[in-house]
Amino acid sequence: MTHDDDRSLTQALEAAREAGRRCALATIVATKGSTPRKVGARMIVDPDTGLVGTVGGGCGEAEVIEAAYKVIETGKAQRVNVDLTDDLVSWSPAVCGGVMDIFVEPVSPEFS
Amino acid sequence: MTSLHPAEAARLLVEIPERGGSVIVATVVGDNQFTGNRIALIVIEKEEPELRGSLSLKSGTGSVIQLMKNILEDPRASDGLHELTIADHLSEVYIEIRRPVQELVVVGAGHIAQPLAHLGALLGFQVIVIDDRPEFATRERFPSAEKVIRADFSDPFRETPLHTRSHVLLVTRGHKYDYACLIRALRMDPPPAYIGMIGSRRRVRATYVQLLEEGITHALLDRIHAPVGLDVGAETPEEIAVAVAAELIMVRRGGTGAPLKGVERIVERFFKEDK
């Protein structure tokens, strides 16, 4: 994450909080092998405004978005393991040959 | 105190490094009752270290704080997972660390400075542009710069003192201006992290002759990156800016500047033709 990434993420989190919206924050906490994004990459899933940032796109990200909606609904954090190793010769953009461990947590608009 | 809100933690990760400090955020991500709890440790030079948030538990916070302190002392530490016993349970803690923001001081606001300022900002530098010509030192010409300053080259760093996080790039329109700024940068104690100067071999040599006459030592001359940039055959201002940016990355990450193809030699090592 660059300083600019940190900044846009902060703005998105604060905007959601000020608007009183519940959203989810996904963070790549560990990777194995070759993955499109590295540890620290983040994405906010905000049901009202969409996505900010990326955890790599493709099928893997779709899995994370699905998990994020569940996390927003239940208010309970979840770990998502995205496996990109299945088919190395398919040349699909989502196939990088690695595994990503992603922490998806609810972000409540309440001020603590 | 309760757990630090993700938005507050995110703000600390942005603001503390801009103030020249370091910050570590620890988030419990293991599958237990503390999952999602966050705590931050802020360390700013000459100030008392400060904790923000709590892990909402009576015991075990100490082990997390100790972990954060250890990581802070490791210059190569980066974001990642750590296993840790918290309140008798083995937990996983995700650590984020941000060091003080590095500064790129571009002296001279001409045609190379423009792409350089953009690239510097992209690479995470706080960019400061300095020129003595008011029509060049404008915000419009440098939208991604943090500050654009009009200052005489006789005393260019008066408003923005250099420090150990400063990367100075001299790209003024004439060698006498480069020289005036260079001698000031070289006499800084402690010295800036990086000094680069653009110029042909002739121009660099002429500058060095003058510096030696002024009593600057050979050791100090050797600190200057000049001519600045990696050899990629750059010709246009944009290409030159990329070559200079590549050198800044090399200095930051400790790379060699050599093409990876030649470093890895994959064909030679793994796909040798049978003779």
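Residues numbered from 1 in each chain as written. Chains lettered and ligands numbered in written order. Predicted model: local features only at pLDDT ≥ 70, side-chain atom pairs only at ≥ 80, totals over all residues.

A. Spotlight on the overall build of chain B. Helix and strand counts for chain B come out as nine helices and eleven strands. Dimensions of chain B along its principal axes, counting C-alpha atoms only, are 70 × 65 × 40 Å. Within chain B, the proportion of its 275 residues that are buried is 37%. Within chain B, residue pairs in contact and separated by at least 24 positions form 56% of the contacts whose partners lie at least 6 positions apart. (Helix = DSSP H or I, 4+ residues; strand = E, 2+ residues; numbered from the N terminus. Buried ≥ 20, exposed ≤ 12 C-beta atoms within 10 Å, placed from the backbone. Contact = placed C-beta atoms within 7 Å.)

B. Inspection of the interface of chain B and chain A at higher detail. Taken together, the contacts link 20 residues of chain B with 20 residues of chain A. The set of elements that each furnish at least two residues to the side of chain B that touches chain A consists of α1 (6–18), β4 (80–86) and β5 (89–98) of chain B. In terms of residue class, the side of chain B that touches chain A is built from ten nonpolar, seven polar and three charged. (Nonpolar A, V, L, I, M, F, W, Y, C, P; charged D, E, K, R; others polar.)

C. Representation of the sheet that holds strand β10 (residues 194–197) of chain B in the model. Residues and elements named next belong to chain B. Across the sheet, six strands lie side by side as β8-β7-β6-β9-β10-β11; this open sheet has parallel pairing. The open sheet has two free edges, formed respectively by β8 (147–150) and β11 (224–225), since each of these has just one partner strand. Two strands pair when backbone bridges link them, and strand β6 (residues 103–107) and strand β9 (residues 166–170) are joined in this way by five bridges, in the parallel orientation. Bridging across to β9, V105 finds its partner in V168. Docked against the sheet, helix α3 (residues 113–122) engages β6, β7 (126–131) and β9, running at close to 160° with respect to β7. Across the sheet, helix α4 (residues 175–186) lies against β6, β9 and β10, angled at about 160° from β9, the strand it touches most. (Pairing = 2+ DSSP bridges. Axes fitted to C-alpha atoms, helices over the stretch in contact; angles between N-to-C directions.)

D. Region of interest: the sheet that holds strand β1 (residues 22–28) of chain B. All names here are of chain B. Here we have five strands laid out as an open sheet, ordered β3-β2-β1-β5-β4, and antiparallel in their pairing. The sheet is open, and its two edges are formed by β3 (50–52) and β4, each paired on a single side. Each strand of the sheet is rotated relative to its neighbour by a mean of 25°, with strand direction disregarded. Pairing of strand β2 (residues 38–43) with β3, which is carried by three bridges, proceeds in the antiparallel orientation.

E. Just the pairing of β4(B), in detail. All names here are of chain B. Taken together, the seven bridges between β4 and β5 define a ladder with antiparallel strand orientation. Bridging from a neighbouring strand, I86 pairs with H89 of β5. In sequence, β4 turns back onto β5 through a hairpin of two residues, with A87 there showing a positive phi of about 50°.

F. Quick peek at the domain arrangement of chain B. When cut into domains, chain B gives domain 1 (10–98) and domain 2 (103–253). Its C-alpha centre places domain 1 of chain B at a distance of 36 Å from the equivalent point of domain 2 of chain B. (Domains from an automatic or database assignment.)

G. Inspection of the packing of α3(B) against helix α7 (residues 237–253) of chain B at higher detail. Residue and element names in this part refer to chain B. Running from N to C, α3 and α7 cross one another at 40°; their axes reach a closest spacing of 8 Å. For the element pair α3 / α7, the angle class is oblique. With respect to the hand of their crossing, α3 and α7 are arranged in right-handed fashion. Between α3 and α7, the contacting residues are P115, L116 and L119 on the first element and P237, E238, A241, V242, V244 and A245 on the second. Taken together, the residues of the contact of α3 with α7 sort by class into eight nonpolar, no polar and one charged. (Parallel < 35°, antiparallel > 145°, perpendicular 65-115°, else oblique. Left-handed = near helix turned anticlockwise from the far one by under 90°.)

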